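Residue-level structure breakdown
Residues per chain are reported as follows:
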Amino acid sequence: AAVTPAEGFTTPALAGPSSGLALLDGSQQKSRQTEEVLRLRQYYDDQLREVRLDLERERCKGLELREANLQLEQEVSSTQARKAEWEKLDQQRAAVQAKVHNKLLQHLQEHAESRQALEAAAEAERADKVRALQEARACQALLKDLEQAQHRWARERMDLEEELAHCWTALLATELTHW
C-alpha cells in the first residue's frame, strides 16, 4: 500500500518543544529527515508508478478499443461488400428472370399464333373437304341424272328407231302398193 505524506511524517517546523523532536540531536534529525525524504520519494515513486500503470492500462484499453473498432469497421465493410454482392446478384437474378419471362411470353405468343394458324389451316382444310365432298355429291347426282338421261335417251332412241323402222316399213309397203 502506498504511504501518504501525512502518515508517520513530521516536519521539524511543526514539532514543538514538547514533541520530543527537539531532544533529538542534529544527526538524528538529519537521519530522520533523510528517512522522511526517502519515504516521500518512495511514496511519490509508487504514486508515479501507479499513474504510469493506469496510463499504460488506459493506453492498452485504447489500443484494444481501436483494434475492436478496426475489427468492427472491417466487419461493416465486409458486410457492406456482401450486401453489394447480394444486391448485384439480386439485380442479375431479376434481369435473368425478366429475360426468361419475356422469352416465355414470346414463346407463348408464338405458340398461340402457331396454334391459331394451325386451327385456321385445319378449318380451311375442313372447309375444302366439305366443299370437295359437296362437289363430289353434286357430281354424283349429275352423273346419276346423266345416266338416267342416257337410259331415257337410249329408250327413246330405240322407240324412235322402232317407229322409224315401222314408218319405213309402212312407206315401203305403200310404195310397193303404188307401183
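Residues numbered from 1 in each chain as written. Predicted model: local features only at pLDDT ≥ 70, side-chain atom pairs only at ≥ 80, totals over all residues. Heavy atoms only, no water.

**Digging into the overall build of the chain**
In terms of regular secondary structure, the chain is built from one helix and zero strands. Total accessible area computed for the chain in this model is approximately 16,100 Å², and 59% of it derives from carbon and sulfur atoms. (Helix = DSSP H or I, 4+ residues; strand = E, 2+ residues; numbered from the N terminus. Areas by Shrake-Rupley, 256 points an atom, 1.4 Å probe, with all protein chains shown as cover.)

**Quick word on helix H1 (residues 26-178)**
A rise of 1.5 Å per residue sets the reference length of H1, with its 153 residues, at 228 Å; its end C-alpha atoms lie 218 Å apart and thus fit the reference within 8%. All of the buried residues in H1 are Glu36, Tyr43, Asp46 and Gly62. (Expected span 1.5 Å × (residues − 1). Buried < 20%, exposed > 50% of the residue type's maximum accessible area, 1.4 Å probe, protein only.)

**Comments concerning the confidence of the model for the chain**
Here the chain averages 86 in pLDDT, and 86% of its residues register 70 or above. Contacts for the low-pLDDT stretch residues 8-19, under 50 throughout, to residues beyond four places or in other chains number 17 contacts. (pLDDT = per-residue confidence, 0-100. Contact = heavy atoms within 4.5 Å.)

**Remarks on a negative patch on the surface**
There is a patch of like negative charges on the surface, built from Glu156, Asp159, Glu162 and Glu163. Considering the arrangement of structural elements, one finds Asp159 in helix H1. (Patch = residues over 30% accessible without salt bridge, like charges linked within 9 Å, V, L, I, M, F, W, Y side chains within 5 Å. Salt bridge = Lys/Arg side-chain N within 4 Å of Asp/Glu carboxyl O. Lys, Arg positive; Asp, Glu negative; His and termini not counted. Charge placed at Lys NZ, Arg CZ, Asp CG, Glu CD.)

**Remarks on the packing of aromatic side chains**
Remark: the centre distance and the inter-plane angle together describe each pair of aromatic rings, the angle taken between the planes. Enumeration according to the criterion identifies one aromatic pair in this entry. Seen from their ring centres, Tyr43 and Tyr44 are 5.1 Å apart, and the 70° between their planes marks the pair as edge-to-face. Taking the relative accessible area as the measure of exposure, Tyr43 reaches 14% and is therefore buried. (Phe/Tyr/Trp six-rings, centres within 6.5 Å; stacked < 30°, edge-to-face > 60°.)

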